[in-house]
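Given next are the chains, with one letter for each unit.
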Amino acid sequence: MSSIEKIIKYTNNYRLMKILRFKKQAISMATMMFFVLGQQAIGQQMDELWGRGQDKTDLTDPGKEKGKRFREGKYALFIHWGLYSQLANKWDGKTYYGIGEWMMDENMAGLSTKQYVTIAKDFNPVDFDAKAIVQLAKDAGMKYIIITSKHHDGFAMYDSKVNDFNIVAGTPFKRDPMKELAEACAAGGLGFGFYYSHNQDWTSPYGTTFQQSGILETNSFESYFRNKCLPQVEEITSNYGPIELVWFDTPGNMKKEYIEELVAVVRKNQPNAFVSGRAGHGLGDYNTLGDMEIPLRNTSGLWETVDVTNDAWGYAWYDNNWKSPKEVLQRLISTVARGGTYMLNIGLDGRGNTPDQAQRALRSAGKWLKQHEEVIYKAEASPWQHALAWGDVTKKGKKLLLSVYDWPTNGKLYLPGLQASIRSAKLIAGDKHILLKSQKVDNWTVFSVPNAATDPLVSVIELELTDAPKVDPILAVDPQMRNTFAAEFATVSHAKKSRKGWMEKFGEWKHVTQVSDWKDEAEARWTVDVLVPGYYQTELEYSGEGKLVWRINQSDGMPVQNQQNSSAIYAWHPIGWIYFTKPGKYDLSVSLIEGNREKASLSGLRLQAIQF
């Protein structure tokens, strides 16, 4: 088997560069080209293995407890904590930028097992306070906590009797923090669950790992599975009270029969627990999207996205790129509006502390949630099936909750496509409700609103409808907001539309839908609804090589054409003004006229009205 075939066989979706733990100097140019060209195909293969794309429809009785907090709560705390937290992304005086739980990887510090296990003797997280963590999660409005019981490094963060490489037997700490956290969650009314890396184990004999040559060691995986993995899953599902879910991760090439055994243990010991979508082979109870991925369109079935409060999962001393309370809320609301559940991660440091910045952001967002619980808990996806220019929408029966991220400054808020009658509209301003007037204009509902936002984070407008919501989900051109139309929603001809993921830093994932492989007559086309005619500034977001000439056509007017430079990084470029002669629906199409078509990747079109 060639090295490329081995990479195809053993690589995980969205973890392409992570799992390849061979020396950088050994990577040939041909292999690097394979990484670039084969990423999408590998992603598709691993989507199938992880169960992504399969409709995990909820078949449980709503009155049952199984997965109830997942199905109704929509918001959870993820915690990454382990020996890597002691390192905080620093080794031998050098800082490594990326996800610290991968410090053994050659893309990070490349530590040997002998080097790594010595960290345990200094790991003494005396500041760990389970009750304080539970209180933080409650203050944040989260409904359950999932924490790493064993990550890929093989170190157990609980009192494992199966293997001595654990926090009780192998460190000065001598306490079982998982037991303390399970008890604190039970006392505080939160759900509790474990992350467990079932396939990768870099310090155990025969656990999945890459040797320095890049060849996967699989000869005795059976030994690892029987003597460590399976009995440890038995431990975490037997010794810590009721479990909300078991979050397996990176199944890789793990055989289906192994995963079936693990799932059977969870079902036996925790009949009300969910199994994560990353168990593998479609055996989880729901789908898990890629790391840090929030979809642009509604996704059916049960699913979650996992995100971080800064850039990294484990604690990194340098990582102060924190998400603001507003950004946390926007990503939470947009996940729920697409039909999913949002799990947001913090990394405890080597002493067991939660960074103060993360605490402040989470608590601030939590105060907002206490005032606007209906927006999230038990909420349903937006009938528009995508975000709107000013924010997003969730649904509760005949009620629509409009979450306005960007407040209009001219006293008008435009809602496109609503085809149901409004019984009442009110702006929620703290303890007060401001009744709003509205009028129908063509396919739009226009609300008269205050000139200033009533909430510094996200303002909420509650609509009570006379009937169930009926919506025309067409893409709409708001006359005062910046309108972004992603390639995800384009109809593409003579080109290729595909999902793409890449890392900004090691393990910091970005995701986009792109239009690439442009042919002579290629175009990306959007149908949009325009309320206010006039001039609009157009911009295109793309990456590429060299100067590119783009043309934007519209179905009732002159095209816009311009040359702009490009780079390997996606960026917005102004193209020119386009003119709409009257209200109504228009087709907008983008074509690449000149330039390197093999390198050009279009990810979006943007319109904003010119104010005179």
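Not measured: the values here are computed from a predicted model. (Residues numbered from 1 in each chain as written. Predicted model: local features only at pLDDT ≥ 70, side-chain atom pairs only at ≥ 80, totals over all residues. Heavy atoms only, no water.)

S.K.: What's the story with the overall build of the chain in this structure? I'm lost.
M.R.: Broken down by element type, the chain carries 12 helices and 30 strands. Relative to its full complement of 612 residues, the chain shows a buried share of 58%. In the chain, 74% of the contacts between residues at least 6 apart in sequence involve partners at least 24 apart. Accessible area of the chain: about 24,400 Å², with a carbon and sulfur share of 49%. (Helix = DSSP H or I, 4+ residues; strand = E, 2+ residues; numbered from the N terminus. Buried < 20%, exposed > 50% of the residue type's maximum accessible area, 1.4 Å probe, protein only. Contact = heavy atoms within 4.5 Å. Areas by Shrake-Rupley, 256 points an atom, 1.4 Å probe, with all protein chains shown as cover.)

S.K.: I would appreciate a short explanation of the sheet that holds strand β11 (residues 391-396) in the present structure.
M.R.: In sheet architecture, strand pairing relies on hydrogen bonds along the backbone and comes in two forms, parallel and antiparallel. What the 5 strands build is an open sheet, ordered β11-β12-β18-β14-β15; its pairing is antiparallel. Every other strand in the sheet has two partners, leaving β11 and β15 (432-435) as the edge strands with one partner each. Within the sheet, the average angular offset between the axes of one strand and its neighbour, ignoring direction, is 25 degrees. Across 6 bridges, strand β12 (residues 399-404) lies against strand β18 (residues 459-465) in antiparallel orientation. When the bridges of β18 are listed, Leu401 appears paired with Glu462. Lying on the sheet, helix α11 (residues 325-337) is in contact with β11 and β12; it crosses β11 at an angle near 50 degrees. (Pairing = 2+ DSSP bridges. Axes fitted to C-alpha atoms, helices over the stretch in contact; angles between N-to-C directions.)

S.K.: Please explain helix α12 (residues 356-371) as it appears in this structure.
M.R.: Counting along an α-helix, one turn takes 3.6 residues, and residues three or four places apart therefore face a common direction. Here α12 is 16 residues long and its end C-alpha atoms lie 23 Å apart, about the 22 Å a rise of 1.5 Å per residue gives. Within α12 the residues assigned to the buried category are Ala358, Ala361, Leu362, Ala365, Gly366, Trp368 and Leu369. Along the axis of α12, the buried positions cluster into a sector of 160 degrees, meaning they face one direction only. Facing away from the buried side of α12 by more than 90 degrees, the exposed set consists of Arg360, Lys367 and Lys370. On its buried side, α12 packs onto β1 (75-80), α7 (130-140), α11, β10 (341-347) and β18. (Expected span 1.5 Å × (residues − 1). Arc of directions from axis to C-beta.)

S.K.: I'm lost on the confidence of the model for the chain in this one. Help?
M.R.: Should pLDDT be low for a region, the predicted coordinates there are not to be read in detail. Residue-level pLDDT values for the chain average 90, and 88% of them are 70 or greater. This model gives residues 210-218 a pLDDT under 50, and the stretch forms 24 contacts once residues within four places in sequence are excluded. (pLDDT = per-residue confidence, 0-100.)

S.K.: Can you help me understand the environment of Val266 in this one?
M.R.: Assignment of secondary structure puts Val266 in helix α10 (residues 256-269). Between the C-alpha atoms of Val266 and Ser238, which are 28 residues apart in sequence, the distance is 9.0 Å. Once residues within four sequence positions are removed from consideration, Val266 is found in contact with Val233, Thr237, Val246, Phe248, Pro271, Ala273 and Val275.

S.K.: Could you clarify how one ought to interpret the packing of α7 against α12 in this entry?
M.R.: Between two packed helices, both the angle of their axes relative to each other and the distance between the axes serve to describe the pair. For the pair α7 and α12, the least separation of the axes is 6 Å and the interaxial angle reads 45 degrees. Taken together, α7 and α12 sit at an angle that is classed as oblique. Where α7 abuts α12, its residues Gln135, Leu136, Asp139 and Ala140 lie against Gln359, Leu362, Arg363, Gly366, Lys367, Leu369 and Lys370. (Parallel < 35°, antiparallel > 145°, perpendicular 65-115°, else oblique.)

S.K.: Just checking my understanding: could you explain the nonpolar core for this structure?
M.R.: One recurring pattern in soluble globular proteins is that nonpolar side chains are buried together. Residues Ile79, Ile145 and Leu181 are the most contacted members of the largest nonpolar core, which totals 110 residues. The element that contributes the greatest number of residues to this core is helix α9 (residues 221-236), accounting for 7 residues. Both domains that furnish three or more residues to this core are identified here as domain 1 (51-375) and domain 2 (391-472). Non-local contacts of Leu181, meaning those with residues more than four positions away in its chain, are made with Ile79, Phe128, Ala130, Ile133, Val134, Ile145, Ile147 and Phe192. By size, the runner-up hydrophobic cluster in this structure holds 33 residues, among which are Tyr536, Leu548, Trp550 and Ile552. (Core = buried A, V, L, I, M, F, W, Y, C linked by side-chain atoms within 4.5 Å. Domains from an automatic or database assignment.)

S.K.: It is not clear to me how the pattern of salt bridges should be interpreted in this structure. Could you clarify?
M.R.: If charged atoms from side chains of opposite charge come close, those side chains can pair. One pass over the full model with this rule turns up 33 salt bridges. Here Arg69 and Glu244 are joined by a salt bridge, their closest N and O atoms 3.1 Å apart. Here the residue Arg69 occupies a position in helix α4 (residues 68-73), and Glu244 occupies one in the loop between α9 and β6 (245-249), the gap between them amounting to 175 residues. Take Arg69: its relative accessible area is 32%, and that puts it in the partly exposed class. Linked by salt bridges that have partners in common, Glu374, Lys399, Lys426, Glu462 and Glu464 make up one network. (Salt bridge = Lys/Arg side-chain N within 4 Å of Asp/Glu carboxyl O.)

S.K.: Explain the sheet that holds strand β17 (residues 444-448) here, please?
M.R.: Pairing within the open sheet is antiparallel, and its 3 strands lie in the order β13-β17-β16. With one partner strand each, in any of the chains shown, β13 (412-416) and β16 (437-441) form the two edges of the open sheet. When strand polarity is set aside, the average angle formed by the axes of neighbouring strands in this sheet is 25 degrees. Where β16 lies against β17, 5 bridges are found, and the strand directions are antiparallel. Each residue of the ladder has a partner; that of Ser438, found in β17, is Phe447.

S.K.: Sorry, what's going on with the packing of aromatic side chains here?
M.R.: Given two aromatic rings, their pairing is described by the distance between the two centres and the angle made by the two planes. Applying the stated criterion across every chain, the model contains 32 aromatic pairs. Seen in terms of ring centroids, Tyr535 and Trp577 are 5.5 Å apart; in terms of plane orientation they differ by 50 degrees. Their pairing is tilted. In this pair, Tyr535 sits in strand β25 (residues 534-543) while Trp577 sits in strand β28 (residues 571-580), placing the two residues 42 residues apart along the sequence. A relative accessible area of 44% places Trp577 in the partly exposed class. Residues Tyr535 and Tyr579 carry aromatic rings whose centres are separated by 4.6 Å and whose planes lie at 50 degrees to one another, so their mutual orientation is tilted. On the criterion of sequence distance, the pair formed by Tyr535 in strand β25 and Tyr579 in strand β28 is long-range, its members being 44 residues apart. Overall, the relative accessible area of 37% leaves Tyr535 in the partly exposed class. Judged by its relative accessible area of 38%, Tyr579 is partly exposed. Within the aromatic cluster, the residues linked to one another by ring pairs are Trp81, Phe123, Phe128, Phe155 and Phe165. One cation-aromatic arrangement involves Lys90 over Trp317; the distance from NZ or CZ to the ring centre is 6.0 Å. Here the basic side chain of Lys143 rests over the ring of Tyr377, its NZ or CZ set 4.3 Å away from the ring centre. (Phe/Tyr/Trp six-rings, centres within 6.5 Å; stacked < 30°, edge-to-face > 60°. Lys NZ or Arg CZ within 6 Å of the ring centre and 35° of its normal.)

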